[in-house]
Amino acid sequence: MTKSSAPIEKPQPVSASAVRHFRYYDLVMAAFVAVLLLSNIIGASKLSTVGTLTFGAGILFFPISYVIGDVLTEVYGYARARRVIWAGFGALIFMAVMSWVVLAMPPAQDWWCSGTEALVLKSNEPSGSGAVCQATYDSVFGSAWRIVLASIAAFWAGEFVNSYVLARMKVATGGRFLWMRTIGSTIVGQGIDSLIFYPIAFLGIWETEQVVMVMATNWALKVAWEAALTPATYVVVAALKRREGVDVFDEGTDFTPFAAKV
């Protein structure tokens, strides 16, 4: 189906396989992968305490990837969201491999990393601090293999479940009640994400009660964050549907995660 370059006033409902070219799909994909990687690289390594609540700082931004995932499924359909999820999955694996290789390389003994002198070589100094810099670098960018495995597996399963539930609910509701579909799919998707991540990453390291408490708390915070972002989701979805000129319904879509057809 060939689309006019001019936006239309009311998006026309179409099947998932009826449209082949989009103007903003690649940009949304790039935003999804960027948020996913940055929330794992920057946010995952820091714990923050606000009042009496301690949480991983990444929780403030990681749920945005679910919001973008909702937008992708709502506007472009499950099949195209599936491609983006696989792109994010591949990016996470590459990030894990790259981190392992970089961290395994021996540090330069003249490497200084205190204060404003990060990544500075001082060959004339009597002694370098390469080992200290390496330890600092490891503390920020290094993760136990269990956490890496848990993060990748939880993302893959959670995102696919989130997209599947939203797509199915859209067909069932005839495209109405977007708020119910985005929040409902997040409740299920983030629930699967949390059920996979926390036991794999921390069971046997933390007390079982701690794992359950942190799992439930972070799941609730992520769902609440998704609900708070619902007005923004409405705005973005409406704008993309209007500019792309479509409203994709996944009728007859192959929901297998491993299907290659769009």
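Here, residues in each chain are numbered from 1, in the same order as that chain's written sequence. The predicted nature of this model means local features are confined to residues of pLDDT at least 70 and side-chain atom pairs, given and counted, to a pLDDT of 80 or more, with totals for whole chains, interfaces and linings taken over all residues. The basis for the side-chain values is all heavy atoms of the structure; hydrogens and waters are excluded.

Trainee: It is not clear to me how the packing of helix H2 (residues 62-76) against helix H6 (residues 178-202) should be interpreted in this structure. Could you clarify?
Mentor: For any two helices packed against each other, the geometry is given by the interaxial angle and the distance between the axes. Axis definition: a line fitted to C-alpha atoms, over the contacting stretch in the case of helices. Angles run 0 to 180 degrees between N-to-C directions. In DSSP terms, a helix is any run of H or I states spanning at least four residues, a strand is any run of E spanning at least two, and both are numbered starting from the N terminus. Two numbers describe how H2 lies on H6: the axes approach to 11 Å, and their chain directions differ by 130°. The angle between H2 and H6 falls in the class oblique. The crossing of H2 and H6 is right-handed. Of the residues in H6, those touching H2 at Phe 62, Pro 63, Tyr 66, Asp 70 and Glu 74 are Leu 178, Arg 181, Thr 182, Ser 185, Thr 186, Gly 189, Gln 190 and Asp 193. Looking at the contact of H2 with H6 residue by residue, the classes come out as 4 nonpolar, 5 polar and 4 charged. When an angle is under 35 degrees it counts as roughly parallel; over 145 it counts as roughly antiparallel; between 65 and 115 it counts as roughly perpendicular; any other value is oblique. Left-handed describes a crossing whose near helix is turned anticlockwise from the far helix through less than a right angle; right-handed describes the clockwise counterpart. Should any heavy atoms of two residues lie within 4.5 Å, those residues are counted as being in contact. As a working rule, the residues Ala, Val, Leu, Ile, Met, Phe, Trp, Tyr, Cys and Pro are called nonpolar, Asp, Glu, Lys and Arg charged, and the rest polar, with Gly in that last group.

Trainee: Explanation requested: the side chain of Lys 170 in the structure shown.
Mentor: In this structure, Lys 170 sits in helix H5 (residues 145-173). Excluding anything up to four places from it in sequence, Lys 170 contacts Glu 74, Gly 175, Arg 181, Lys 241, Asp 247, Val 248 and Phe 249.

Trainee: Even after reading the chapter, I still don't get H5, so can you show me in this structure?
Mentor: Residues that lie three or four places apart on an α-helix share one face, since the helix turns once every 3.6 residues. Here H5 is 29 residues long and its end C-alpha atoms lie 42 Å apart, about the 42 Å a rise of 1.5 Å per residue gives. Two residues or fewer after H5 comes Gly 174, characterised by a positive phi angle close to 65°. Here a helix's expected span is defined as the number of its residues, less one, multiplied by 1.5 Å.

Trainee: So what exactly am I meant to see when it comes to the packing of aromatic side chains here?
Mentor: Aromatic rings in a pair are described by how distant their centres are and how their planes are angled relative to each other. Here the aromatic set is Phe, Tyr and Trp, taking the six-membered ring for Trp, and pairing holds for ring centres within 6.5 Å; pairs whose planes are under 30 degrees apart are stacked, those over 60 apart are edge-to-face, and all others are tilted. Summed over the entire model, instances satisfying the criterion amount to 16 aromatic pairs. When the centroid spacing of 6.4 Å and the interplanar angle of 50° are considered together, the rings of Tyr 78 and Phe 160 count as tilted. Of this pair, Tyr 78 sits in helix H3 (residues 78-104) while Phe 160 sits in helix H5, and the two are 82 residues apart along the sequence. Taking relative accessible area as the criterion, Tyr 78 reaches 1% and is therefore assigned buried. The class of Phe 160 is buried, set by a relative accessible area of 5%. Lysine NZ or arginine CZ positioned within 6 Å of the ring centre and within 35 degrees of the ring normal marks a charge as sitting over the ring. For the cation-ring pair, Lys 170 lies above Phe 249, with the distance from its terminal atom to the ring centre recorded as 4.8 Å. Relative accessible area decides the class of each residue, using a 1.4 Å probe on protein chains only: under 20% of the type maximum gives buried, over 50% gives exposed, and in between gives partly exposed.

Trainee: Explanation requested: empty space enclosed by the protein in the structure shown.
Mentor: Empty pockets left among the atoms are what a rolling probe the size of a water molecule brings to light. Residues are said to line a cavity or pocket when one of their atoms sits within 4 Å of a point; the points come from a 1 Å grid over protein atoms alone, cavities being sets where a 1.4 Å probe fits but cannot get out and pockets being open sets with protein on both sides within 12 Å along at least five of seven lines. Grid points are joined across faces, edges and corners, and a volume is the space filled by probe spheres set on the points. Inspection of the entire model under this criterion finds 1 cavity of 30 Å³ or more. Lining the largest cavity, in full, are Phe 32, Gly 69, Leu 72, Thr 73, Ala 81, Val 84, Ile 85, Glu 159, Asn 162 and Ser 163. Broken down by secondary-structure element, the contributors of at least two residues to the lining of the largest cavity are H2, H3 and H5. Tallied by class, the residues present in the lining of the largest cavity amount to 5 nonpolar, 4 polar and 1 charged.

Trainee: How should the pattern of salt bridges be read in this particular structure?
Mentor: Pairing is possible between side chains that carry opposite charge, provided their charged atoms lie close to one another. Salt bridge, as used here: a side-chain nitrogen of Lys or Arg that lies within 4 Å of a carboxyl oxygen of Asp or Glu. Evaluation of the coordinates by the stated rule reveals 6 salt bridges. Between Lys 170 and Asp 247 there is a salt bridge, with its nearest N and O atoms 2.7 Å apart. One end of the pair, Lys 170, is in helix H5; the other, Asp 247, is in strand S6 (residues 246-249), and 77 residues separate them in sequence. By the burial criterion, Lys 170 is buried, and Asp 247 matches it. The salt bridge involving Asp 247 is made with Lys 241; its shortest N-O contact spans 3.1 Å.

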